[in-house]
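Here is how the chains run, residue by residue.
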Amino acid sequence: MTDTCFRMKGTTLTSIVLEVIGFEPDKFESQLADKVASAPQFFTRSSLILHLATGLSATEFELLVALCRKFNLQPMAVRGETEGLKNTINDLGLADVSQSKFTESTLKSPSSSETEEAVAAQKTPVSKPPSAAQLKPAKVVSRPVRSGQQVYAEGSDLVITAAVSEGAEVLADGNIHIYGTLRGRALAGVKGNAQARVFCQSLDAELVSIAGQFIMHDKVKAACWKQPAQIYLEEDTLRIEPIA
Amino acid sequence: MAKIIVVTSGKGGVGKTTSSAAISTGLALSGHKTVVIDFDVGLRNLDLIMGCERRVVYDFVNVINKEASLTQALIKDKRTKNLFILPASQTRDKDALTIDGVQAVLDELKKEFEFIICDSPAGIEQGAQMALYFADEAIVVTNPEVSSVRDSDRILGILQSKSMRAEQGKSVKEHLLLTRYNPTRVESAEMLSVADVEEILAIPLLGVIPESESVLKASNQGQPVILDEEANAGQAYADAVKRLLGETVEHRFLEAEKKGFFQRLLGGK
């Protein structure tokens, strides 16, 4: 055993977001009752982020939290229109996650800011799921990628709806999807994303690489030859798996 | 509106010039006013195959350099009406071709001709890129063997990225012309089949020209093989020209000769 009693770590978890569009206590209560009744197992004691799409008064907000708790839901953080509710949120032991900097600061170092203490009390720092705007759309190529050509999808996935010829090279920072035969080279996660994968309709590749790890033609030939397949990285080894 | 068609391949010796001669003759025979330009500056073969080598006075480079007018340089074909040849220079090299110079010549030709066939040199350098830069359509000549298919693939990539139409965001219409096809050798797996090549290149098939002695004979006689109506190769080129003009013609000569007539008729693709 060491002398240290605890360690601070960052984590990400999926959570239910309850988006409050309009708050009328009676209506809200009956609708929430219906919702919870539809899947009681799922909702019991599930952690909840309240997203205030509309501004609420302190009393309304307290009532909202009380109603949630009544149905065994556990609100842990609030985001959205939290202006003027800071104190109420604190008093109720919740975290205000309307600022996006929140995600970064919890991961950096523990500090004494009120919000973060509140989170620490909940034991589970919550990062906001990335919003759609943060995702760069995949690069889509609908013509064959010919010998000698190179296609690079910077900061995104690459989707090719045709074949990749021998001597052609396709690269992406994300995943590569090829809805045709892959005869050339495919390099996914070129900036080191080990989660990146290569998917293709027919595997006949010269080379496949993920985050710098690569396999050559002969190894590819031994598995899923000319079959629909996916290639991914597992414990520093590239795996080729058929896709049914 | 004149159509500029480049006959190209990447690899040398696959039959670009033979095909350029045959196709331009075929188009002219169908009543379309056609000019065929030899872009192989420095080597000059088209005039030999067209049998007009002794009539070359001025050439393509002379016209580009304004040392001669187009009318002076164009050679009217003796056998086929509506057909003209613009020969290459043998004393210059491919750097003599400039975008502006080629464009000026093509613009002038467009006023008079329905089809402008550009016979590309081998390779992917300056000469080949000049030949394909202004093309509306491309006939990619390929032999049924891996290195030729690879080079054709490469040239298709260049067509769709470095041609003028590609730069304008448009595409060049592609045609596959498979030459020197020998069904017997395909059956014994010595050669790639039509299906193999089509699968790799994924472009529409314009025609399959069987390997034939008549091609060499025609070249040596300076007579486009399409004029040899007896030869398989001549007929296959005639079919290809019809397809180029939009007709639907069944592909012939895909099966080995030893097979029966009905089998050829029913089994052929």
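Residues numbered from 1 in each chain as written. Chains lettered and ligands numbered in written order. Predicted model: local features only at pLDDT ≥ 70, side-chain atom pairs only at ≥ 80, totals over all residues. Heavy atoms only, no water.

Colleague: So what about the nonpolar core? Which residues, and what values?
Modeller: The tendency in soluble globular proteins is for nonpolar side chains to be buried side by side. All names here are of chain B. By size, the foremost hydrophobic cluster in this structure holds 53 residues, and its most contacted members are Phe39, Phe60, Leu86, Val102, Leu109 and Ile116. The dominant element in this core, judged by the number of residues it contributes, is helix H7 (residues 146-162), at five residues. Apart from residues lying up to four places away in sequence, Phe60 is in contact with Ile37, Asp38, Phe39, Leu86, Pro87, Leu97, Val102 and Val105. (Core = buried A, V, L, I, M, F, W, Y, C linked by side-chain atoms within 4.5 Å. Buried < 20%, exposed > 50% of the residue type's maximum accessible area, 1.4 Å probe, protein only. Helix = DSSP H or I, 4+ residues; strand = E, 2+ residues; numbered from the N terminus. Contact = heavy atoms within 4.5 Å.)

Colleague: Can you explain the interface of chain B and chain A? Please cite residues and give values.
Modeller: Between chain B and chain A, the residue contacts involve 14 residues of the former and 10 residues of the latter. Buried area between chain B and chain A, both sides added, is near 980 Å², and the carbon and sulfur share of it is 36%. Sorting the residues of chain B by area buried against chain A places Arg150(B), Asp153(B) and Arg154(B) first, and these three jointly supply 46% of that buried surface. Here chain B is connected to chain A by three salt bridges. (Buried area = accessible area lost by both parts, 1.4 Å probe. Salt bridge = Lys/Arg side-chain N within 4 Å of Asp/Glu carboxyl O.)

Colleague: Can you break down the sheet that holds strand S2 (residues 47-52) of chain A residue by residue, with the values?
Modeller: Residue and element names in this part refer to chain A. Spatial ordering of the open sheet is given by S1-S2-S3-S4, a layout of four strands whose pairing is parallel. Edge positions in the sheet fall to strand S1 (16-20) and strand S4 (95-96), since each has one partner strand and no second. Note: S1 against S2, five bridges, orientation parallel. The partner of Val17 across the bridge, within S2, is Ile49. (Pairing = 2+ DSSP bridges.)

Colleague: For empty space enclosed by the protein, give the residues involved together with the corresponding values.
Modeller: Residues and elements named next belong to chain B. Across all of its chains, the model carries two cavities of 30 Å³ or more by this definition. The volume enclosed by the second largest cavity comes to roughly 40 Å³. No other element matches the three residues that helix H12 (residues 232-244) contributes to the lining of the second largest cavity. In the lining of the second largest cavity, the residues fall into four nonpolar, two polar and three charged. (1 Å grid on protein atoms, 1.4 Å probe; cavity = no way out; pocket = protein on both sides within 12 Å on 5 of 7 lines; lining within 4 Å. Points joined across faces, edges and corners; volume = space filled by probe spheres on them. Nonpolar A, V, L, I, M, F, W, Y, C, P; charged D, E, K, R; others polar.)

Colleague: Report on unusual backbone geometry, specifying residues and quantitative values.
Modeller: All names here are of chain A. Phi at Ala211 takes a positive value of approximately 45°, unusual for a residue other than glycine. Structurally, the position occupied by Ala211 is in the loop between strand S12 (207-210) and strand S13 (213-216). In the Ramachandran plot, Lys226 falls in the positive-phi region, its phi being about 60° despite a non-glycine side chain. Secondary-structure assignment places Lys226 in the loop between helix H7 (217-221) and strand S14 (229-234). Owing to a relative accessible area of 49%, Lys226 belongs among the partly exposed residues under this scheme.

Colleague: Could you give me a rundown of the sheet that holds strand S5 (residues 139-141) of chain A, with the residues and numbers involved?
Modeller: Residues and elements named next belong to chain A. Spatially, the six strands line up as an open sheet ordered S5-S7-S9-S11-S14-S15, and their pairing is mixed. If you trace the sheet from one side to the other, it starts and ends with S5 and strand S15 (237-242), each paired once. With strand direction ignored, the average angle separating the axes of adjacent strands in the sheet is 25°. Where strand S7 (residues 158-160) and strand S9 (residues 176-182) come together, three bridges link them in parallel fashion. Paired with Ile160 across the strands is Ile178, a residue of S9. (Axes fitted to C-alpha atoms, helices over the stretch in contact; angles between N-to-C directions.)

Colleague: Kindly report on the pattern of salt bridges, identifying the contributing residues and their values.
Modeller: When the charged atoms of two side chains lie near each other, side chains of opposite charge can form a pair. Considering all chains together, one arrives at 19 salt bridges over all chains under this definition. For the salt bridge of Arg185(A) with Glu206(A), the shortest nitrogen-to-oxygen distance reads 3.7 Å. Taken as a pair, Arg185(A) in strand S10 (residues 185-188) and Glu206(A) in the loop between strand S11 (198-203) and S12 lie far apart in primary sequence, 21 residues in all. Close ionic contact of Arg44(B) with Asp47(B) constitutes a salt bridge, the shortest N to O distance being 2.7 Å. On the accessibility criterion, Arg44(B) (17% relative accessible area) is buried. Among the charged side chains, a salt-bridge network with shared partners connects Glu154(A), Asp173(A) and Lys191(A).

Colleague: An account of the confidence of the model for chain B is needed here, citing residue identities and associated values.
Modeller: Scored by pLDDT, chain B has a mean of 93; 95% of the residues are at 70 or more. Interface confidence for the predicted complex, given as ipTM, is 0.78, next to a pTM of 0.69. (pLDDT = per-residue confidence, 0-100.)

Colleague: For the UniProt feature "binding site: ATP" (unreviewed entry) in chain B, give the residues involved together with the corresponding values.
Modeller: Residue and element names in this part refer to chain B. The sites that carry the UniProt feature "binding site: ATP" (unreviewed entry) are, in the present numbering, Lys11, Gly12, Gly13, Val14, Gly15, Lys16, Thr17 and Thr18. Annotated residues from the preceding list that form part of the lining of the largest pocket: these are Gly12, Gly13, Val14, Gly15, Lys16, Thr17 and Thr18. Along the polypeptide, Gly15 turns up in the loop between strand S1 (3-8) and helix H1 (16-29). The residues touching Gly15, leaving out its near neighbours within four places in the chain, are Val141 and Tyr237. Within the secondary structure, Thr18 is located in helix H1. Setting aside chain neighbours within four positions, we find Thr18 in contact with Ile49, Val215, Ser219, Val225 and Tyr237. (UniProt positions renumbered as here; feature names shortened; annotations may be inferred.)

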